[in-house]
Amino acid sequence: MTEHRTDPDAIWDSLDRQLEQIPLDLEQERDAFYSQPDWDVYRLHYTGLDGYRLFCWLSAPVSANGPVPALLRMPDYGSVHDIVYTPLRSVALVMNATHRGQRQSESVFQANYPGLLTQGIERQDTFVMMRVFADALRAVDALLGQTLAEVGPIALTGNGLGGALSLLAAARRPRITAVAADTPLALGHPELLEHDLVYPLAELTDYLRVYPHRKEAILGSMAPLDPVAAAPKVEAPVLLSLGRRDRGLCPLRIGELLAARLPHCDLRVYDGASEGGGHPHSVVREAWLREQLGVG
Amino acid sequence: MADQKDLDAFVTQVTRPEDFDDFWERVLAGLAEIPLEPSLSPDPMRSNAEVDVSRVHYRSLDGLEISGWYCVPTEGDGPFPAVIRFPGYKGEPGLRRDWGRKEVVTLTVAVRGKLGSHADFNPGYPGLLTHGIQGRDTYGYKGVISDCSRAVDFLLSRPEVDPQRIFACGSSQGGGLTLITSALRAEIKGGVAGYPFLCCFPESMRMLRSYPYDELNCYARVYPDLAREMLETLRYYDAVNFAPGIKCPMVVGIALEDEVCPPETSYAAYQRLTGPKELWLFPDSGHGNAHDYPAKETEWLERQINLTKPGGADD
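All of the points below concern the structure found in this document. Computed from a predicted model, the values in this text were never measured in an experiment.

### A closer look at the overall build of chain B
Item 1. For chain B, the count of helices and strands is 10 helices and 9 strands.
Item 2. Expected size for 315 residues packed as a compact globule is a radius of gyration near 20 Å; at 19 Å, chain B falls within 12% of this value.
Item 3. Looking at chain B as a whole, 61% of its 315 residues are labelled buried.
Item 4. Sequence-distant contacts, at least 24 apart, represent 72% of the contacts inside chain B between residues at least 6 apart.
Item 5. Element-wise, carbon and sulfur atoms account for 50% of the exposed surface of chain B, whose accessible area totals about 11,800 Å².
Item 6. Across chain B, the centroid of the 32 positively charged side chains sits 1 Å from that of the 46 negatively charged ones.

This is the structure we're talking about:
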């Protein structure tokens, strides 16, 4: 039996057990420079798998009173995850979490672009992206562990890598109430290598050009990250957007398989590439998130 | 959504300092004193049958080492035309291997602060837009713009590049840097500035609450006594003040739903262009996500490259 048939649930159960053993050790510090009249901005640091210190930006409405809805924006594939503006900051907790290797979560190692996607991919236990996904789970734990406000409904959102992190975190954390995933990175899907890929997924093609004999090994390493495999466990409603011409994040065929396996999916397909729905979808997403979070 | 009427009605308050040209001549003269020290490190994993990919380095303002990705066609007879791609504010500059099969060299620049160029300068994102903003000589963008100018010098140092066929492009901050660098370096023969950032700072601050421009509002709120100096510094870095100095053909692409770089401010830069120019408006698009933009950019650059004469002065 090849390694990529290993039960993903068993792997994530094991990683979750490891996370449970690690104290969150959360530090939260108000950032006076970026705080606004309507919301305060905080810098949070917490501990993830292997003892890595991770960073996120978190904003809390100044008028927070009682349970506050929360929006957790998972990171894109890139080194910076900044304080993305959203008008929801005045009514919801908004968290922008980073994963290991990104800016401010880079004390141990710094991610390279291109490069991160295949770092250590020859074995599942050295594959950095497994840890990156575990960091997304840890971000949910940090959101629930912060002491700035009581957390109400939680929506996850993200584009590309952030979309895939959102789906996997929702599959593993039943506390999540909604997911808006745009062109989620299809890393781990067994059909992925059959597509004509561009960056960032083309990092896999680059890797296989140099190490053609490792195809089975990398399929095995990636398998637990397959959003299509995780989809049936996502109980929360999902707003999913895809680009018809996307070859870099979520090829349409895989995106459609994903939509079919999500129990509650509102699929929107746009005539775009990796940018997905662009502005029209951002309007749809904003309204959808407001509805899911109950902030009108 | 902004429309043509909004664009035409907008009048920027940004004015050009009297010593604007002197200031930038001094910066470029100082830069010329610094040895370029160009170097290439081939990257076999990113290279393929059509393109040799290298990580490149060169020296820029304050002696900082700047990096970039350099893609050279494996086929064809050089010297080749070249396209420099300037980076956005927070994204990492990517590889452009697709130009290789068209027999075009590409250089994507990691200006200071980006991965590979941040060992000695790392204000972060957010952070860069206000770094050293208390004075025109301390402002972080003095180095960023210098790094872009030195990218032209890097290409001029390469025997495989045709010095008469250097072009530039970029989106967002990369769009602003395309405008600015094209004004400073006449070696650039044409450019495409998409959704340009760094235009009309005072109005952009007022029109939006989104980053990066909102970093300036944060600065003004925390340091109200320094707000006037901040705005004075920004006059030397506003792309609308560089626009009249651009002589080569230039495109400005504007998304009318842009909530990061207000369409009116990009249009103000377009209006101040005095050379051959073209305007692309994308009515139902936001910042950086017009579906047609990448194909239009490629098509325009290919056309300009073919219009210029290899190895000779274009006319």
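### A short note on the packing of helix α2 (residues 20–32) of chain B against helix α3 (residues 140–156) of chain B
All names here are of chain B.
Item 1. Contact geometry for α2 and α3: axes closest at 11 Å, N-to-C directions at 60°. The pairing of α2 with α3 is recorded here as oblique in orientation. In the crossing of α2 with α3, the sense of the turn from one axis to the other is right-handed. Residues W24, V27, L28, L31 and A32 of α2 form the contact with α3, whose own contacting residues are K142, I145, S146, S149 and R150.
Item 2. Looking at the contact of α2 with α3, its residues break down into 6 nonpolar, 2 polar and 2 charged.

### Quick word on helix α1 (residues 8–21) of chain A
Residues and elements named next belong to chain A.
Item 1. With 14 residues, α1 extends 20 Å between its outermost C-alpha atoms, agreeing within 8% with the 20 Å of an ideal straight helix rising 1.5 Å per residue.
Item 2. Taken residue by residue, α1 has I11, W12, L15, D16 and L19 as its buried positions. For α1, the angular spread of buried residues about the axis comes to 130°, placing them on one side. Residues of α1 that are exposed and point over 90 degrees away from its buried face: R17, E20 and Q21.
Item 3. Looking at the buried positions of α1, the neighbouring elements they touch are α2 (128–145) and α3 (161–172).
Item 4. Its side-chain oxygen 3.0 Å from the backbone nitrogen of D9, D7 forms the N-cap of α1.

### Focus: the sheet that holds strand β3 (residues 65–73) of chain B
All names here are of chain B.
Item 1. Strand order in the open sheet made by the 9 strands is β1-β2-β3-β5-β4-β6-β7-β8-β9, with mixed pairing throughout. Two strands in the sheet have a free side with no partner beyond their single neighbour: β1 (39–42) and β9 (277–282). Averaged over all pairs of adjacent strands, the angle between strand axes in this sheet comes to 20°, irrespective of strand direction.
Item 2. Across 5 bridges, strand β6 (residues 161–171) lies against strand β7 (residues 188–194) in parallel orientation. Across the sheet, residue A168 finds its bridge partner in β7, namely G191.
Item 3. Across the sheet, helix α10 (residues 293–307) lies against β4 (80–86), β6, β7, β8 (250–255) and β9, angled at about 160° from β6, the strand it touches most.

### Things to note about the sheet that holds strand β3 (residues 53–61) of chain A
Pairing between the strands of a sheet is mediated by backbone hydrogen bonds and can be parallel or antiparallel.
Residues and elements named next belong to chain A.
Item 1. Strand order in the open sheet formed by 9 strands is β1-β2-β3-β5-β4-β6-β7-β8-β9, and the pairing between neighbours is mixed. This sheet does not close on itself; its edge strands, each paired only once, are β1 (27–30) and β9 (265–270). Between one strand and the next, the sheet's axes are offset by a mean angle of 20°, whatever the strand orientation.
Item 2. In the packing of helix α7 (residues 252–261) onto the sheet, the strands contacted are β8 (238–243) and β9, and the crossing angle to β8 comes to about 165°.

### Side note on the environment of F10 of chain B
Residues and elements named next belong to chain B.
Item 1. By the secondary structure assignment, F10 is in the loop between α1 (4–9) and α2.
Item 2. A relative accessible area of 15% means that F10 is categorised as buried.
Item 3. Between the C-alpha atom of F10 and that of E264, which follows or precedes it by 254 residues, the distance is 6.2 Å.
Item 4. If near-sequence neighbours (up to four positions away) are discounted, F10 is found in contact with C200, E203, M207, E264, T265, A268 and Q271.

### Some points on the packing of aromatic side chains
Item 1. One pass over the structure, following the stated rule, counts 28 aromatic pairs over all chains.
Item 2. Relative to Y211 of chain B, the ring of Y34 of chain A has its centre 6.0 Å away and its plane inclined at 75°; by these criteria the two rings are edge-to-face. Here Y211 of chain B lies in the loop between α5 (201–207) and α6 (214–222) and Y34 of chain A lies in the loop between β1 and β2 (39–47), a pairing that spans two chains. Of the two residues, Y34 of chain A and Y211 of chain B, neither departs from the other in class, the shared state being buried.
Item 3. The interplanar angle of 80° and the centroid separation of 5.4 Å between the aromatic rings of W24 of chain B and Y237 of chain B together place this pair among those described as edge-to-face. Taken together, the residues W24 of chain B in helix α2 and Y237 of chain B in the loop between α7 (227–235) and α8 (239–242) connect sequence positions 213 residues apart.
Item 4. The rings of F20, F23, W24, Y139, Y141, Y236, Y237 and F242 of chain B are connected pair by pair, giving a single aromatic cluster.
Item 5. The ring centre of Y52 of chain A lies 4.0 Å from the NZ or CZ of R100 of chain A, which sits over that ring.

Rules and cut-offs
- Residues numbered from 1 in each chain as written.
- Chains lettered and ligands numbered in written order.
- Predicted model: local features only at pLDDT ≥ 70, side-chain atom pairs only at ≥ 80, totals over all residues.
- Heavy atoms only, no water.
- Helix = DSSP H or I, 4+ residues; strand = E, 2+ residues; numbered from the N terminus.
- Rg over C-alpha atoms; globule rule 2.2 N^0.38 Å.
- Buried < 20%, exposed > 50% of the residue type's maximum accessible area, 1.4 Å probe, protein only.
- Contact = heavy atoms within 4.5 Å.
- Areas by Shrake-Rupley, 256 points an atom, 1.4 Å probe, with all protein chains shown as cover.
- Lys, Arg positive; Asp, Glu negative; His and termini not counted.
- Charge placed at Lys NZ, Arg CZ, Asp CG, Glu CD.
- Axes fitted to C-alpha atoms, helices over the stretch in contact; angles between N-to-C directions.
- Parallel < 35°, antiparallel > 145°, perpendicular 65-115°, else oblique.
- Left-handed = near helix turned anticlockwise from the far one by under 90°.
- Nonpolar A, V, L, I, M, F, W, Y, C, P; charged D, E, K, R; others polar.
- Expected span 1.5 Å × (residues − 1).
- Arc of directions from axis to C-beta.
- Polar contact = N/O pair within 3.5 Å; in protein donor to acceptor, adjacent residues only side chain to side chain.
- Pairing = 2+ DSSP bridges.
- Phe/Tyr/Trp six-rings, centres within 6.5 Å; stacked < 30°, edge-to-face > 60°.
- Lys NZ or Arg CZ within 6 Å of the ring centre and 35° of its normal.

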